[in-house]
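One letter stands for each residue in the lines below.
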Amino acid sequence: MQKVRFNSKLWGMPLLITIISLGGLLTALAGDGIWDILSWLALSLPVGLAFRGLFKA
Amino acid sequence: MQVKTAKRWFLWHKWTSLICTLFLLMLCLTGLPLIFHEEIDGWLEPETAATAPAGAPRISLDSLAVIAGAVHPDLHIRYVFWDRDDPGKVGFDLSPRPDAPVSQSHYVSLNAFTGQALPGPKTDGIMYTILQLHTSMFAGIPGKLFLGLMGILFVIAIISGIVLYGPIMKNFNFGMVRKHKSKRLRWLDTHNLLGIITAAWMLVVGLTGIINTLSDVVLGLWQQGQLKEMTAPYVGAPPAEGKLGSLDSALNVACRAAPGMKPTIITYPGTIFSSRHHYAIFLRGSSPLTSRLLMPALVDAKTGRLTDIREMPWYVNTLFLSEPLHFGDYGGWPLKIIWALFDLITLIVLVTGLYLWFARRKAHQQQWERLST
């Protein structure tokens, strides 16, 4: 049987983006002010990457 | 992953997507203006803020209720509610019967300092139409549940899409888009890249959307569960009729029992949110999180005594917390912009997915034609 190993080259970036996205979605719920700003910064990452990918295409 | 396994995931991805794509396109297109509904509402119908003359005291709720009642003498007040952003504004919902459908509601919005009528919520505007389309496609509860089913397919499509990302991308770097090979490869890579980047957001908005479609189910569970328990001592008692007790003293009693909380709505006896004997006063906290969670306080509508106050059960709180996570209205205007951009990216993922299906079909057909000639 093949050993299941985490392929970080393949899944590293998607995992990082997912964690940062979920963090961003939750922080704005936790409070106002600094929490909102953290949320905007975190969620700008996936949005920015998506648009970069789009314009590269 | 074995080719056979990948193929099975691909079939799941293909069919769940194909079935829900048309509805998801509609949801994304109608959802886009709904993200900004407050701004658009204010722009279509400039709202008058309830300004208070210097030093003016608030008018009692009971007096405001008399003013609201006089606007529609043939109807009865069933809900009193406060504006989230404008505490000087008090809204009244009047209808022929306490348990009449929402469509029979008439709204009166009053300035709590002067008693003057303000433009109230509208139910015939373009935004209302878009909202109906988005939540139920004008088909009531069945329409809502159907969209919930489409949401489940959407979530399966996302999960199978994530699984397929592995075998497709295992020999490439993250962010790879094959620009000059062929149109199909270019859009395939774009579909995969945008899909994996926005998967977390799409899953959250998809799942919370599904939960929102269950709102009527949740209401029914609450009525049959907690509300029934809270009103158990009143089973068999004659309904509260005739002149009811003071709204102000009911509100005071409730607020004293929950220090630091603010009222959002008072529901009258006989409505779907109360018993036939109580004013139900729903209180909320003040942080972004606790302001979404409500606490019902039941006040005997005749005697004005508080009979019970409780926190809501987990399934109601789950519904309440799903709302902001679906609407994106909990982190100021920058979060709304981010929501809109995610919505646009989702649209691109849907459209490229559809295109890829067409392109594959065409390629298959040509292959067959070549074989048979």
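Residues numbered from 1 in each chain as written. Chains lettered and ligands numbered in written order. Predicted model: local features only at pLDDT ≥ 70, side-chain atom pairs only at ≥ 80, totals over all residues.

## Let's talk about the overall build of chain A
- Broken down by element type, chain A carries two helices and zero strands.
- The C-alpha atoms of chain A give a radius of gyration of 15 Å, which is well past the 10 Å a tight globule of 57 residues would have.
- In terms of its C-alpha atoms, chain A occupies a principal-axis envelope of roughly 50 × 30 × 10 Å. (Helix = DSSP H or I, 4+ residues; strand = E, 2+ residues; numbered from the N terminus. Rg over C-alpha atoms; globule rule 2.2 N^0.38 Å.)

## Description of the sheet that holds strand β2 (residues 89–95) of chain B
All names here are of chain B.
- As summarised here, the arrangement of the eight strands in space is β4-β3-β2-β1-β5-β6-β7-β8, forming an open sheet in which the pairing is antiparallel. In this open sheet, the two edge strands, each paired with only one partner strand, are β4 (117–118) and β8 (306–309).
- Pairing between strand β6 (residues 278–284) and strand β7 (residues 294–300): seven bridges, direction antiparallel. Among the inter-strand pairings, Arg284 is bridged to a residue of β7, identified as Leu294. (Pairing = 2+ DSSP bridges.)

## Considering the interface of chain A and chain B
- In this complex, chain A contributes 25 residues to the contact, which on the side of chain B involves 34 residues.
- At the level of secondary structure, the elements contributing two or more residues to the side of chain A that touches chain B comprise α1 (8–30) and α2 (34–56) of chain A.
- Looking at the side of chain A that touches chain B residue by residue, the classes come out as 17 nonpolar, five polar and three charged. (Contact = placed C-beta atoms within 7 Å. Nonpolar A, V, L, I, M, F, W, Y, C, P; charged D, E, K, R; others polar.)

## Some words on the pairing of β7 of chain B
All names here are of chain B.
- In terms of burial, β7 is largely enclosed, as six of its seven residues are buried.
- Pairing of β7 with β8, which is carried by three bridges, proceeds in the antiparallel orientation. Looking at the pairing, Val299 lines up with Leu306 of β8.
- Counting the residues between successive antiparallel strands, the hairpin from β7 to β8 contains five residues, one of them, Gly304, with a positive phi of roughly 80°. (Buried ≥ 20, exposed ≤ 12 C-beta atoms within 10 Å, placed from the backbone.)

## Examining helix α8 (residues 247–257) of chain B
All names here are of chain B.
- Along α8, the positions that sit buried rather than exposed are Leu247, Ala250, Leu251, Val253 and Ala254. End-on, the buried residues of α8 take up no more than an arc of 160°, which puts them together on one face.
- Buried-residue contacts for α8 involve α3 (61–71), β1 (76–82), β5 (262–267), β6, β7 and β8. (Arc of directions from axis to C-beta.)

## Concerning unusual backbone geometry
Residue and element names in this part refer to chain B.
- Of note in the backbone geometry, Met137 takes a positive phi value of approximately 50° without being a glycine.
- Within the secondary structure layout, Met137 lies in the loop between α4 (126–136) and α5 (140–169).
- In this model, Phe138 sits at a positive phi of 60°, which is unusual for a non-glycine residue.
- Its location among the elements puts Phe138 in the loop between α4 and α5.

## Observations concerning helix α7 (residues 215–230) of chain B
Residues and elements named next belong to chain B.
- Where α7 bends most, the angle comes to about 35°, and this point is Trp222.
- Turning to α7, its buried residues are Val218, Leu227 and Met230.
- Next to the buried residues of α7 lie β7, β8 and α9 (314–327). (Bend = angle between axes of the 7 residues up to and from the residue.)

## With respect to the packing of helix α6 (residues 183–213) of chain B against α9 of chain B
Residue and element names in this part refer to chain B.
- It is the contact of α6 with α9, at a shortest axis distance of 8 Å, that shows an interaxial angle of 135°. As judged from the angle between their axes, α6 and α9 are oblique. When the axes of α6 and α9 are compared, the crossing they make is left-handed. Contacts between α6 and α9 pair Val204, Val205, Thr208, Gly209, Ile211 and Asn212 from the former with Thr318, Leu319, Ser322, Glu323, Leu325 and His326 from the latter. (Axes fitted to C-alpha atoms, helices over the stretch in contact; angles between N-to-C directions. Parallel < 35°, antiparallel > 145°, perpendicular 65-115°, else oblique. Left-handed = near helix turned anticlockwise from the far one by under 90°.)

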